[in-house]
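# Breakdown of the fold
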Amino acid sequence: MIQKEFKVSYTEYGSIGELPPEDRELAGAAIEAMSGAYAPYSHFHVGAAVRMSNSQIVRGANQENAAFPSGLCAERTAMFAAGAKYPDKDMRSIAIAGGVFGKLSAEPATPCGACRQVMAQYQAKAGAPVSVIMVGANRIWKFERIDDILPLIFDSI
Ligand code: THU
């Protein structure tokens, strides 16, 4: 028997101003994208911004529906829009921000499992690491690759 472990390291920033310029721009875009949320049920507004390999940024926000499973998270709204707009390009990075009634939460916005799985597949398509920036008012976390937030990714097809 061998005891094994996963080790994840990530960077914590104290404010958006501390981020490198490209990440700062993407984090700012995610915060701005929160205004596009349609969240009449949860009132939790989430914004996401995807940076593609052509440097373009595509934004998304959560869209809710009375038939609950029909709604979609901000991250997948942004990733699918980016994939549809730039089918020949790859995702390089994604930033996420959220908060109740559009007020940015103090703690970083952490993506749901389904969105992590979609991120994993776009990373596999890219063949290069996709970084994730989780934005909060009090701190910001940056993970360098999707494997760090979704170990043992399903990629068998
Ligand atoms: N939501 C996102 O947009 N992204 C996440 O990573 C987690 C949750 C949305 C879904 C729903 O509209 C609202 O936040 C409350 O769960």
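Residues numbered from 1 in each chain as written. Predicted model: local features only at pLDDT ≥ 70, side-chain atom pairs only at ≥ 80, totals over all residues. Heavy atoms only, no water.

## A look at the pairing of strand 4 (residues 91-100)
Defined as follows: Burial here depends on accessible area, computed with a 1.4 Å probe over protein chains only, as a share of the maximum for the residue type. Under 20% is buried, over 50% is exposed, and the range in between is partly exposed. Secondary structure elements follow DSSP: runs of H or I of four or more residues count as helices, runs of E of two or more count as strands, with numbering from the N terminus. Here, any two strands with at least 2 DSSP bridges between them count as paired. When the strands point away from the viewer, a crossover counts as right-handed if the route from the first strand across the helix to the second turns clockwise.
By the criterion of burial, strand 4 is predominantly enclosed, with eight of the ten residues buried. Relative to strand 4, strand 2 (residues 44-52) runs antiparallel, the two sharing nine bridges. Looking across to strand 4, one finds that Val50 is bridged to Ile94. With four bridges connecting them, strand 4 and strand 5 (residues 131-135) associate as parallel partners. Residue pairing for strand 5: Ile96 is matched across the bridge by Met134. Handedness of the crossover joining strand 4 and strand 5 through helix 3 (residues 113-126): right-handed.

## Looking at the site of the ligand
Cut-off, in case you're wondering: Throughout, the term near means that a residue has one or more heavy atoms lying within 4 Å of the molecule or strand in question. Surface accessibility in these figures is a Shrake-Rupley result with a 1.4 Å probe; residues are shielded only by whichever protein chains are displayed. For cavity detection a 1 Å grid was placed over the protein atoms alone, and a set of points counts as a cavity when a 1.4 Å probe fits there but cannot get out; an open set counts as a pocket when protein lies on both sides within 12 Å along at least five of seven lines, with lining residues being those that have an atom within 4 Å of a point. For a cavity or pocket, the test is whether more than half of a molecule's atoms lie within 2 Å of its grid points; if they do, the molecule sits there. Polar here means any residue other than Ala, Val, Leu, Ile, Met, Phe, Trp, Tyr, Cys and Pro, which are nonpolar, and Asp, Glu, Lys and Arg, which are charged; Gly is therefore polar.
Close contacts around the ligand come from Ser42, Phe44, Val46, Asn62, Glu64, Cys73, Ala74, Glu75, Thr110, Pro111 and Cys112, and that covers them all. Taken by itself the ligand offers 370 Å² of open surface, and the protein chains cover 73% of this. A majority-of-atoms criterion places the ligand in the largest pocket. Of all the secondary structure elements, the ones that give two or more residues to the shell around the ligand are strand 2 and helix 2 (74-85). Its residues placed into classes, the shell around the ligand shows six nonpolar, three polar and two charged.

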